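Summary of structural features
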Amino acid sequence: MVAALSAAGQMRQSALEETSATIPDGRVTVAPRVYSSGCRRMADRAAAPEGARMSLARRATGPGRVNLIGDHTDYNRGLALPIAIDLGTTVEFTPTGSSGITFFSTLHRQGITLPLGLPPDPEVVGTLEPSWARLVAGVIATVGPEIGGVCRIVTTLPVGAGLSSSAALATALAKVFGATGSPMAVAKLCQQAENLSGVPVGIMDPLVCAGGRAGSASLIDFSTLSVEYVPIPGSAEIVVVDSGQHRTLRDTKYAVRVAECEAAAETIGPLGLAHESDLAQLRDPLLLKRARHVASECRRVRQVAEALVSGHLWAAGTYMTESHRSLAEDFGVSTPGLDSLVDHLRSIDGVYGARMTGAGFGGSVVALSRTGAIDVASLPTPAWRVTATDGTAVNHDRR
Ligand code: GLA
(Lines give C-alpha, C1' and ligand atoms only; values in the text may rest on other atoms or scores of the structure.)
Protein backbone atom coordinates (compact mmCIF):
# COMPACT_ATOMS: atom_id res chain seq x y z
CA MET A 1 0.00 0.00 0.00
CA VAL A 2 2.83 2.38 0.87
CA ALA A 3 4.49 1.40 -2.38
CA ALA A 4 1.24 2.20 -4.16
CA LEU A 5 1.23 5.61 -2.53
CA SER A 6 4.76 6.35 -3.70
CA ALA A 7 4.10 5.05 -7.17
CA ALA A 8 0.93 7.06 -7.45
CA GLY A 9 2.72 10.06 -6.03
CA GLN A 10 5.36 9.89 -8.71
CA MET A 11 2.79 9.76 -11.46
CA ARG A 12 2.14 13.35 -12.23
CA GLN A 13 2.73 15.45 -9.16
CA SER A 14 4.90 18.50 -9.25
CA ALA A 15 4.06 22.18 -9.17
CA LEU A 16 0.52 22.82 -8.02
CA GLU A 17 -1.60 25.16 -10.02
CA GLU A 18 -4.36 26.74 -8.04
CA THR A 19 -7.63 28.26 -9.11
CA SER A 20 -10.51 28.97 -6.80
CA ALA A 21 -14.26 28.50 -6.80
CA THR A 22 -16.92 29.48 -4.31
CA ILE A 23 -19.96 27.47 -3.28
CA PRO A 24 -23.19 29.22 -4.33
CA ASP A 25 -24.29 30.37 -0.88
CA GLY A 26 -20.80 31.73 -0.21
CA ARG A 27 -20.47 29.93 3.14
CA VAL A 28 -17.73 27.51 2.13
CA THR A 29 -14.99 27.85 -0.42
CA VAL A 30 -13.61 24.83 -2.20
CA ALA A 31 -10.39 25.79 -3.90
CA PRO A 32 -9.55 23.34 -6.69
CA ARG A 33 -5.87 22.56 -7.11
CA VAL A 34 -4.50 20.92 -10.21
CA TYR A 35 -1.51 18.64 -10.57
CA SER A 36 0.85 19.24 -13.48
CA SER A 37 3.85 17.21 -14.63
CA GLY A 38 7.12 16.81 -12.77
CA CYS A 39 8.30 15.00 -9.68
CA ARG A 40 6.70 14.49 -6.29
CA ARG A 41 9.44 16.16 -4.25
CA MET A 42 8.68 19.47 -5.99
CA ALA A 43 4.99 19.05 -5.21
CA ASP A 44 5.76 18.57 -1.56
CA ARG A 45 7.84 21.74 -1.53
CA ALA A 46 5.11 23.68 -3.26
CA ALA A 47 2.46 22.43 -0.86
CA ALA A 48 4.27 22.59 2.44
CA PRO A 49 6.45 25.27 4.01
CA GLU A 50 9.92 24.37 5.28
CA GLY A 51 8.85 23.85 8.90
CA ALA A 52 6.01 21.57 7.96
CA ARG A 53 8.32 19.09 6.31
CA MET A 54 9.74 18.42 9.75
CA SER A 55 6.32 17.80 11.33
CA LEU A 56 4.71 14.49 12.06
CA ALA A 57 2.98 13.06 8.99
CA ARG A 58 0.27 10.49 9.59
CA ARG A 59 -0.80 7.68 7.34
CA ALA A 60 -3.77 5.34 7.64
CA THR A 61 -5.29 2.70 5.41
CA GLY A 62 -9.02 2.13 5.59
CA PRO A 63 -9.85 -1.36 4.31
CA GLY A 64 -12.83 -1.96 2.08
CA ARG A 65 -15.50 -4.38 3.25
CA VAL A 66 -17.27 -7.35 1.82
CA ASN A 67 -20.44 -8.40 3.51
CA LEU A 68 -20.72 -12.19 3.57
CA ILE A 69 -24.40 -11.91 4.51
CA GLY A 70 -26.82 -9.48 6.18
CA ASP A 71 -27.64 -6.66 3.79
CA HIS A 72 -30.08 -3.86 4.53
CA THR A 73 -30.22 -5.06 8.12
CA ASP A 74 -27.99 -2.47 9.81
CA TYR A 75 -30.49 0.40 9.73
CA ASN A 76 -33.15 -2.07 10.91
CA ARG A 77 -31.41 -3.13 14.13
CA GLY A 78 -30.67 -6.55 12.63
CA LEU A 79 -27.54 -8.67 12.11
CA ALA A 80 -24.73 -8.78 9.53
CA LEU A 81 -21.51 -10.70 8.95
CA PRO A 82 -19.02 -8.52 7.03
CA ILE A 83 -15.23 -8.69 6.71
CA ALA A 84 -12.66 -5.94 6.21
CA ILE A 85 -10.61 -6.81 3.11
CA ASP A 86 -7.10 -6.41 1.80
CA LEU A 87 -8.11 -3.76 -0.75
CA GLY A 88 -8.34 -0.28 0.69
CA THR A 89 -7.74 3.45 0.68
CA THR A 90 -4.60 5.05 2.08
CA VAL A 91 -4.51 8.64 3.28
CA GLU A 92 -1.27 10.43 4.07
CA PHE A 93 -1.73 13.68 5.97
CA THR A 94 1.10 16.17 6.29
CA PRO A 95 0.26 18.98 8.73
CA THR A 96 1.40 22.40 7.52
CA GLY A 97 -0.24 24.67 10.07
CA SER A 98 -2.45 26.31 7.44
CA SER A 99 -6.12 27.15 8.04
CA GLY A 100 -7.42 24.54 5.63
CA ILE A 101 -6.74 21.06 4.32
CA THR A 102 -5.89 20.39 0.69
CA PHE A 103 -6.83 16.98 -0.66
CA PHE A 104 -5.32 15.25 -3.65
CA SER A 105 -6.73 11.96 -4.84
CA THR A 106 -5.40 9.78 -7.61
CA LEU A 107 -9.03 9.39 -8.68
CA HIS A 108 -9.52 13.09 -9.44
CA ARG A 109 -7.43 15.38 -11.60
CA GLN A 110 -8.15 18.40 -9.42
CA GLY A 111 -7.39 18.64 -5.74
CA ILE A 112 -9.64 20.58 -3.37
CA THR A 113 -9.06 22.74 -0.34
CA LEU A 114 -11.57 22.86 2.51
CA PRO A 115 -11.47 25.07 5.60
CA LEU A 116 -11.08 23.71 9.13
CA GLY A 117 -14.09 24.25 11.39
CA LEU A 118 -16.77 23.18 8.91
CA PRO A 119 -20.17 22.94 10.65
CA PRO A 120 -21.95 19.55 10.91
CA ASP A 121 -24.70 20.97 8.72
CA PRO A 122 -26.07 18.90 5.80
CA GLU A 123 -27.01 22.12 3.99
CA VAL A 124 -23.33 23.03 3.88
CA VAL A 125 -21.63 19.66 3.62
CA GLY A 126 -24.19 17.96 1.38
CA THR A 127 -24.21 20.67 -1.29
CA LEU A 128 -20.48 21.02 -1.92
CA GLU A 129 -19.06 20.66 -5.40
CA PRO A 130 -17.27 18.68 -6.64
CA SER A 131 -19.33 15.95 -5.02
CA TRP A 132 -16.31 14.03 -3.65
CA ALA A 133 -15.71 17.03 -1.38
CA ARG A 134 -18.89 16.15 0.58
CA LEU A 135 -17.67 13.06 2.41
CA VAL A 136 -14.29 14.65 3.04
CA ALA A 137 -16.02 17.74 4.42
CA GLY A 138 -18.30 15.53 6.51
CA VAL A 139 -15.27 13.99 8.21
CA ILE A 140 -13.77 17.43 8.87
CA ALA A 141 -17.11 18.47 10.39
CA THR A 142 -17.46 15.42 12.65
CA VAL A 143 -13.83 14.82 13.66
CA GLY A 144 -12.79 18.48 13.82
CA PRO A 145 -9.06 18.40 12.95
CA GLU A 146 -7.31 21.36 14.55
CA ILE A 147 -4.42 21.74 12.14
CA GLY A 148 -4.41 22.30 8.40
CA GLY A 149 -2.23 20.49 5.92
CA VAL A 150 -2.12 18.35 2.82
CA CYS A 151 -3.80 14.97 2.37
CA ARG A 152 -2.89 12.56 -0.38
CA ILE A 153 -5.36 9.78 -1.13
CA VAL A 154 -4.71 6.60 -3.10
CA THR A 155 -6.93 3.56 -3.35
CA THR A 156 -6.93 0.01 -4.60
CA LEU A 157 -10.72 -0.19 -4.19
CA PRO A 158 -13.05 0.26 -7.14
CA VAL A 159 -15.34 3.20 -6.34
CA GLY A 160 -19.10 2.68 -6.39
CA ALA A 161 -18.64 -1.10 -6.53
CA GLY A 162 -20.35 -1.97 -3.25
CA LEU A 163 -17.07 -2.50 -1.40
CA SER A 164 -17.36 0.48 0.96
CA SER A 165 -14.94 2.81 -0.73
CA SER A 166 -16.67 5.66 1.17
CA ALA A 167 -16.24 4.12 4.61
CA ALA A 168 -12.65 3.13 3.78
CA LEU A 169 -11.88 6.76 2.96
CA ALA A 170 -13.84 8.14 5.91
CA THR A 171 -12.18 5.89 8.50
CA ALA A 172 -8.70 6.60 7.13
CA LEU A 173 -9.40 10.35 7.17
CA ALA A 174 -10.83 10.17 10.68
CA LYS A 175 -7.70 8.41 11.92
CA VAL A 176 -5.21 10.82 10.33
CA PHE A 177 -7.25 13.75 11.66
CA GLY A 178 -6.79 12.39 15.18
CA ALA A 179 -9.99 10.48 15.94
CA THR A 180 -9.32 8.17 18.86
CA GLY A 181 -11.40 5.74 20.86
CA SER A 182 -12.98 2.42 20.03
CA PRO A 183 -13.80 1.30 16.48
CA MET A 184 -17.43 2.01 17.42
CA ALA A 185 -16.60 5.62 18.36
CA VAL A 186 -14.71 6.15 15.08
CA ALA A 187 -17.48 4.42 13.11
CA LYS A 188 -20.13 6.72 14.58
CA LEU A 189 -18.18 9.80 13.45
CA CYS A 190 -17.80 8.33 9.96
CA GLN A 191 -21.46 7.33 9.70
CA GLN A 192 -22.45 10.84 10.74
CA ALA A 193 -20.06 12.25 8.11
CA GLU A 194 -21.68 10.17 5.40
CA ASN A 195 -25.17 11.09 6.62
CA LEU A 196 -24.17 14.78 6.43
CA SER A 197 -22.95 14.23 2.89
CA GLY A 198 -26.48 13.19 1.93
CA VAL A 199 -26.83 9.39 2.28
CA PRO A 200 -28.76 7.86 5.24
CA VAL A 201 -26.37 4.88 5.58
CA GLY A 202 -26.22 2.58 8.58
CA ILE A 203 -23.14 1.90 10.68
CA MET A 204 -22.04 -1.46 9.23
CA ASP A 205 -19.42 -0.23 6.77
CA PRO A 206 -17.43 2.17 8.97
CA LEU A 207 -17.69 -0.26 11.89
CA VAL A 208 -16.06 -3.13 10.02
CA CYS A 209 -13.59 -0.79 8.25
CA ALA A 210 -12.54 0.56 11.66
CA GLY A 211 -12.76 -2.64 13.69
CA GLY A 212 -12.38 -5.65 11.39
CA ARG A 213 -10.16 -8.51 12.50
CA ALA A 214 -7.70 -10.49 10.35
CA GLY A 215 -8.92 -14.01 9.61
CA SER A 216 -12.43 -13.42 10.94
CA ALA A 217 -15.80 -12.06 9.94
CA SER A 218 -17.52 -9.63 12.33
CA LEU A 219 -20.92 -10.79 13.52
CA ILE A 220 -22.56 -7.46 14.29
CA ASP A 221 -25.79 -7.10 16.23
CA PHE A 222 -27.07 -3.63 15.35
CA SER A 223 -29.64 -3.59 18.13
CA THR A 224 -27.00 -3.84 20.85
CA LEU A 225 -24.04 -2.66 18.72
CA SER A 226 -22.08 -5.68 19.89
CA VAL A 227 -19.55 -7.54 17.75
CA GLU A 228 -18.43 -11.18 17.90
CA TYR A 229 -15.62 -12.46 15.70
CA VAL A 230 -16.28 -15.58 13.64
CA PRO A 231 -13.10 -17.28 12.30
CA ILE A 232 -13.19 -18.07 8.59
CA PRO A 233 -12.10 -21.67 7.95
CA GLY A 234 -8.75 -21.91 6.16
CA SER A 235 -10.30 -24.20 3.55
CA ALA A 236 -12.71 -21.46 2.42
CA GLU A 237 -11.93 -18.84 -0.16
CA ILE A 238 -13.77 -15.56 -0.60
CA VAL A 239 -13.89 -14.11 -4.10
CA VAL A 240 -15.33 -10.71 -4.96
CA VAL A 241 -16.43 -9.90 -8.49
CA ASP A 242 -17.11 -6.34 -9.58
CA SER A 243 -20.17 -6.30 -11.84
CA GLY A 244 -18.82 -3.22 -13.59
CA GLN A 245 -22.11 -1.49 -12.84
CA HIS A 246 -20.93 1.36 -10.59
CA ARG A 247 -23.15 3.87 -8.79
CA THR A 248 -23.17 6.27 -5.88
CA LEU A 249 -25.79 5.45 -3.25
CA ARG A 250 -27.16 8.98 -3.48
CA ASP A 251 -28.37 8.16 -7.01
CA THR A 252 -30.07 4.88 -6.05
CA LYS A 253 -33.27 3.96 -4.21
CA TYR A 254 -31.27 3.29 -1.00
CA ALA A 255 -33.06 6.10 0.86
CA VAL A 256 -36.41 4.81 -0.44
CA ARG A 257 -35.66 1.36 1.01
CA VAL A 258 -34.77 2.94 4.36
CA ALA A 259 -38.12 4.78 4.33
CA GLU A 260 -40.06 1.63 3.37
CA CYS A 261 -38.49 -0.25 6.27
CA GLU A 262 -39.38 2.60 8.63
CA ALA A 263 -42.97 2.45 7.37
CA ALA A 264 -43.16 -1.32 8.01
CA ALA A 265 -41.58 -0.84 11.45
CA GLU A 266 -44.50 1.43 12.43
CA THR A 267 -46.66 -1.71 12.43
CA ILE A 268 -44.33 -4.49 13.65
CA GLY A 269 -41.44 -2.64 15.32
CA PRO A 270 -37.79 -2.68 14.17
CA LEU A 271 -37.60 -5.20 11.35
CA GLY A 272 -34.33 -6.68 12.51
CA LEU A 273 -35.99 -7.69 15.79
CA ALA A 274 -39.20 -8.95 14.19
CA HIS A 275 -40.06 -12.64 14.04
CA GLU A 276 -41.11 -14.04 10.71
CA SER A 277 -44.48 -14.81 12.37
CA ASP A 278 -45.00 -11.03 12.92
CA LEU A 279 -45.06 -10.38 9.19
CA ALA A 280 -48.71 -11.38 8.75
CA GLN A 281 -49.67 -8.11 10.46
CA LEU A 282 -48.44 -6.17 7.42
CA ARG A 283 -51.28 -5.50 4.98
CA ASP A 284 -49.27 -3.61 2.34
CA PRO A 285 -47.74 -6.26 0.00
CA LEU A 286 -44.68 -4.13 -0.77
CA LEU A 287 -43.89 -3.47 2.89
CA LEU A 288 -44.46 -7.16 3.61
CA LYS A 289 -41.78 -8.10 1.07
CA ARG A 290 -39.30 -5.58 2.45
CA ALA A 291 -39.89 -6.78 6.01
CA ARG A 292 -39.73 -10.44 4.98
CA HIS A 293 -36.29 -9.87 3.51
CA VAL A 294 -34.96 -8.23 6.67
CA ALA A 295 -36.43 -10.77 9.10
CA SER A 296 -35.31 -13.78 7.04
CA GLU A 297 -31.89 -12.25 6.38
CA CYS A 298 -31.19 -11.96 10.10
CA ARG A 299 -32.00 -15.65 10.51
CA ARG A 300 -29.63 -16.47 7.63
CA VAL A 301 -26.85 -14.37 9.21
CA ARG A 302 -27.02 -16.54 12.32
CA GLN A 303 -27.12 -19.69 10.19
CA VAL A 304 -24.04 -18.68 8.17
CA ALA A 305 -22.12 -17.75 11.33
CA GLU A 306 -22.93 -21.17 12.81
CA ALA A 307 -22.03 -22.94 9.56
CA LEU A 308 -18.64 -21.21 9.45
CA VAL A 309 -17.92 -22.14 13.05
CA SER A 310 -18.81 -25.78 12.41
CA GLY A 311 -17.04 -25.86 9.03
CA HIS A 312 -20.21 -26.62 7.05
CA LEU A 313 -19.27 -24.54 4.04
CA TRP A 314 -21.92 -25.95 1.70
CA ALA A 315 -24.58 -24.90 4.20
CA ALA A 316 -23.04 -21.41 4.49
CA GLY A 317 -23.01 -21.08 0.70
CA THR A 318 -26.61 -22.22 0.40
CA TYR A 319 -27.79 -19.53 2.84
CA MET A 320 -25.75 -16.93 0.91
CA THR A 321 -27.49 -17.89 -2.31
CA GLU A 322 -30.90 -17.73 -0.57
CA SER A 323 -29.95 -14.27 0.63
CA HIS A 324 -29.34 -13.17 -2.95
CA ARG A 325 -32.77 -14.38 -3.98
CA SER A 326 -34.36 -12.50 -1.09
CA LEU A 327 -32.50 -9.29 -1.94
CA ALA A 328 -33.59 -9.64 -5.57
CA GLU A 329 -37.18 -10.75 -5.15
CA ASP A 330 -38.28 -9.22 -1.84
CA PHE A 331 -36.00 -6.25 -1.37
CA GLY A 332 -35.67 -5.21 -5.03
CA VAL A 333 -32.01 -4.19 -4.97
CA SER A 334 -30.41 -6.63 -7.39
CA THR A 335 -29.92 -6.11 -11.11
CA PRO A 336 -29.86 -8.48 -14.12
CA GLY A 337 -26.06 -8.09 -14.18
CA LEU A 338 -25.70 -9.14 -10.53
CA ASP A 339 -28.15 -12.01 -11.01
CA SER A 340 -26.25 -13.43 -13.96
CA LEU A 341 -22.89 -13.09 -12.16
CA VAL A 342 -24.34 -15.02 -9.21
CA ASP A 343 -25.66 -17.71 -11.57
CA HIS A 344 -22.32 -17.94 -13.36
CA LEU A 345 -20.35 -18.25 -10.12
CA ARG A 346 -22.71 -20.90 -8.77
CA SER A 347 -22.19 -22.98 -11.91
CA ILE A 348 -18.45 -23.30 -11.14
CA ASP A 349 -17.40 -26.55 -9.50
CA GLY A 350 -16.37 -25.95 -5.88
CA VAL A 351 -18.42 -22.77 -5.37
CA TYR A 352 -20.55 -23.13 -2.24
CA GLY A 353 -22.71 -20.06 -2.83
CA ALA A 354 -22.79 -16.50 -4.13
CA ARG A 355 -24.73 -13.30 -3.56
CA MET A 356 -24.66 -9.59 -4.22
CA THR A 357 -22.89 -7.77 -1.41
CA GLY A 358 -23.60 -4.33 0.03
CA ALA A 359 -26.42 -2.04 -0.99
CA GLY A 360 -26.96 -3.49 -4.47
CA PHE A 361 -28.33 -1.49 -7.45
CA GLY A 362 -25.08 -2.60 -9.11
CA GLY A 363 -21.78 -3.11 -7.33
CA SER A 364 -20.25 -6.48 -6.57
CA VAL A 365 -20.95 -10.12 -5.92
CA VAL A 366 -19.24 -12.29 -3.28
CA ALA A 367 -18.69 -16.02 -3.64
CA LEU A 368 -17.67 -18.56 -1.02
CA SER A 369 -15.71 -21.41 -2.55
CA ARG A 370 -13.21 -24.17 -2.10
CA THR A 371 -9.64 -22.84 -2.30
CA GLY A 372 -8.62 -22.32 -5.93
CA ALA A 373 -12.05 -23.20 -7.38
CA ILE A 374 -12.53 -19.84 -9.11
CA ASP A 375 -10.07 -18.68 -11.75
CA VAL A 376 -10.43 -14.92 -11.18
CA ALA A 377 -8.62 -14.09 -14.42
CA SER A 378 -11.23 -15.96 -16.45
CA LEU A 379 -14.14 -13.88 -15.16
CA PRO A 380 -15.60 -11.24 -17.47
CA THR A 381 -15.11 -8.37 -15.00
CA PRO A 382 -12.44 -7.54 -12.36
CA ALA A 383 -12.34 -10.04 -9.52
CA TRP A 384 -10.21 -10.54 -6.42
CA ARG A 385 -9.51 -13.30 -3.95
CA VAL A 386 -9.79 -11.39 -0.69
CA THR A 387 -8.77 -12.18 2.85
CA ALA A 388 -10.20 -10.81 6.06
CA THR A 389 -7.92 -8.12 7.43
CA ASP A 390 -7.61 -5.82 10.44
CA GLY A 391 -9.41 -2.49 10.60
CA THR A 392 -7.92 0.96 10.11
CA ALA A 393 -4.74 1.81 12.00
CA VAL A 394 -2.68 5.00 11.91
CA ASN A 395 1.10 5.38 11.62
CA HIS A 396 3.13 8.50 12.42
CA ASP A 397 6.25 9.27 10.38
CA ARG A 398 9.00 11.69 11.38
CA ARG A 399 9.91 13.46 8.12
C1 GLA B 1 -24.50 0.33 2.20
C2 GLA B 1 -24.64 1.11 3.50
C3 GLA B 1 -24.68 0.17 4.70
C4 GLA B 1 -25.68 -0.95 4.52
C5 GLA B 1 -25.50 -1.60 3.17
C6 GLA B 1 -26.54 -2.62 2.87
O7 GLA B 1 -23.25 -0.28 2.11
O8 GLA B 1 -23.55 1.98 3.64
O9 GLA B 1 -24.96 0.93 5.86
O10 GLA B 1 -26.99 -0.49 4.71
O11 GLA B 1 -25.51 -0.66 2.11
O12 GLA B 1 -26.43 -3.68 3.75
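A brief structural summary. Per chain, residues are indexed from 1 in the order of the written sequence. Side-chain atom pairs in this predicted model are given and counted only at pLDDT of 80 or more, local residue features only at pLDDT of at least 70, and totals for whole chains, interfaces and linings cover all residues. Only hydrogens and water are set aside when side-chain values are computed; all heavy atoms of the structure are taken into account.

Comments concerning the environment of Met356
A run of H or I in DSSP becomes a helix once it reaches four residues, and a run of E becomes a strand once it reaches two; helices and strands are each numbered from the N terminus. You can see Met356 is positioned in strand E14 (residues 351–357). For the pair formed by Met356 and Leu338, sequence separation is 18 residues and the distance between their alpha carbons is 6.4 Å.

Thoughts on the pairing of strand E8 (residues 100–105)
Most of E8 is tucked away, with 6 of its 6 residues classed as buried. Exposure classes here rest on a 1.4 Å probe applied to the protein chains alone. A residue is buried below 20% of its type maximum, exposed above 50%, and partly exposed in between. Here E8 shows a buried face lined by Gly100, Thr102 and Phe104 and a second buried face lined by Ile101, Phe103 and Ser105. By the convention used here, strands pair only if DSSP detects at least 2 bridges between them. As judged from the 4 bridges shared by E8 and strand E9 (residues 110–115), these two strands associate in the antiparallel manner. From the neighbouring strand, Thr102 faces E9, where its bridge partner is Thr113.

Brief notes about the sheet that holds strand E16 (residues 383–386)
Sheet architecture is open: 4 strands sit in the order E14-E15-E13-E16, paired in antiparallel fashion. Looking at which strands have only one partner, the edges of the open sheet turn out to be E14 and E16. Recorded for the sheet is a direction-independent mean angle of 20° between the axes of neighbouring strands. By the bridge criterion, 4 bridges tie strand E13 (residues 236–242) to E16 in an arrangement that is antiparallel. Lines are fitted to the C-alpha atoms to define the axes, a helix being fitted only along its stretch in contact, and any angle between axes, read from their N-to-C directions, falls within 0 to 180 degrees.

A short note on helix H6 (residues 183–196)
Multiply 1.5 Å by the residue count of a helix minus one, and that product is the helix's expected span. Compared with an ideal rise of 1.5 Å per residue, which puts 14 residues at 20 Å, H6 spans 20 Å between its outermost C-alpha atoms and is within 8% of the ideal. If you check which residues of H6 are buried, you get Met184, Val186, Ala187, Cys190, Gln191, Ala193, Glu194 and Leu196. Note on definitions: a residue-residue contact is assigned when non-hydrogen atoms from the two residues lie within 4.5 Å. Residues of H6 that are buried in the fold lie against helix H3 (122–125), helix H4 (132–143), helix H5 (165–176) and helix H7 (204–211). Within two residues after H6, Gly198 carries a phi angle of roughly 120°, on the positive side.

Thoughts on the nonpolar core
To form a nonpolar core, buried Ala, Val, Leu, Ile, Met, Phe, Trp, Tyr and Cys residues must be joined to one another through side-chain atoms within 4.5 Å. Counting 67 residues, the largest nonpolar core has Leu81, Ile83, Ile238, Tyr254, Leu308, Leu345 and Leu368 as its most contacted members. If you tally residues by element for this core, the top one is helix H9 (residues 285–310), at 9 residues. The source of the domain bounds is an automatic or database domain assignment. Residues lining this core come from more than one domain, with at least three contributed by each of domain 1 (2–66 + 84–202 + 389–398) and domain 2 (232–386). Grouped together as the second largest cluster of nonpolar side chains are 35 residues, Phe103, Leu135, Ile140 and Cys151 included.

Brief notes about the packing of aromatic side chains
Only centres within 6.5 Å qualify two rings of Phe, Tyr or Trp (six-membered ring in Trp) as a pair; their planes then separate them into stacked at under 30 degrees, edge-to-face at over 60, and tilted for everything else. Counted according to the given criterion, the structure contains 4 aromatic pairs. Residues Tyr75 and Tyr254 carry aromatic rings whose centres are separated by 5.6 Å and whose planes lie at 70° to one another, so their mutual orientation is edge-to-face. Taken together, the positions of Tyr75 in the loop between strand E5 (56–67) and strand E6 (79–80) and Tyr254 in helix H8 (residues 254–268) put the pair 179 residues apart, joining distant regions of the chain. As far as burial versus exposure is concerned, Tyr75 and Tyr254 are alike and both buried. Note on Phe93 and Phe177: the rings are 5.4 Å apart at their centroids and 85° apart in plane angle, and the pair reads as edge-to-face. Placement of Phe93 in strand E7 (residues 82–95) and of Phe177 in the loop between H5 and H6 is noted, with a sequence separation of 84 residues between them. An aromatic cluster is defined as three or more aromatic residues linked by ring pairs; in this entry it consists of Phe93, Phe103 and Phe177.

Notes on the site of the ligand
One heavy atom within 4 Å of a molecule or strand is enough for the residue carrying it to be called near that molecule or strand. If you check the shell around the ligand, you find 13 residues, and the closest are Asp71, His72, Asp74, Asp205 and Tyr254. In this structure, an oxygen atom belonging to the ligand sits 2.5 Å away from a side-chain N or O atom of Asp74. Whenever two N or O atoms come within 3.5 Å, that pair is a polar contact, provided that in protein one can donate a hydrogen and the other can accept it, and provided that, for residues adjacent in sequence, both atoms are side-chain atoms. The side chain of Tyr254 places a nitrogen or oxygen atom 2.6 Å from an oxygen atom of the ligand. Throughout, the Shrake-Rupley method with a 1.4 Å probe supplies accessible areas, and for residues the shown protein chains are the sole cover considered. Relative to its free-state accessible area of 310 Å², the ligand is covered by the protein chains to the extent of 96%. Think of it as three bins: nonpolar holds Ala, Val, Leu, Ile, Met, Phe, Trp, Tyr, Cys and Pro, charged holds Asp, Glu, Lys and Arg, and polar takes everything else, Gly as well. Of the residues belonging to the shell around the ligand, the class tally is 6 nonpolar, 3 polar and 4 charged. Among the domains, domain 1 (2–66 + 84–202 + 389–398) and domain 2 (232–386) are the pair contributing at least three residues each to the shell around the ligand.

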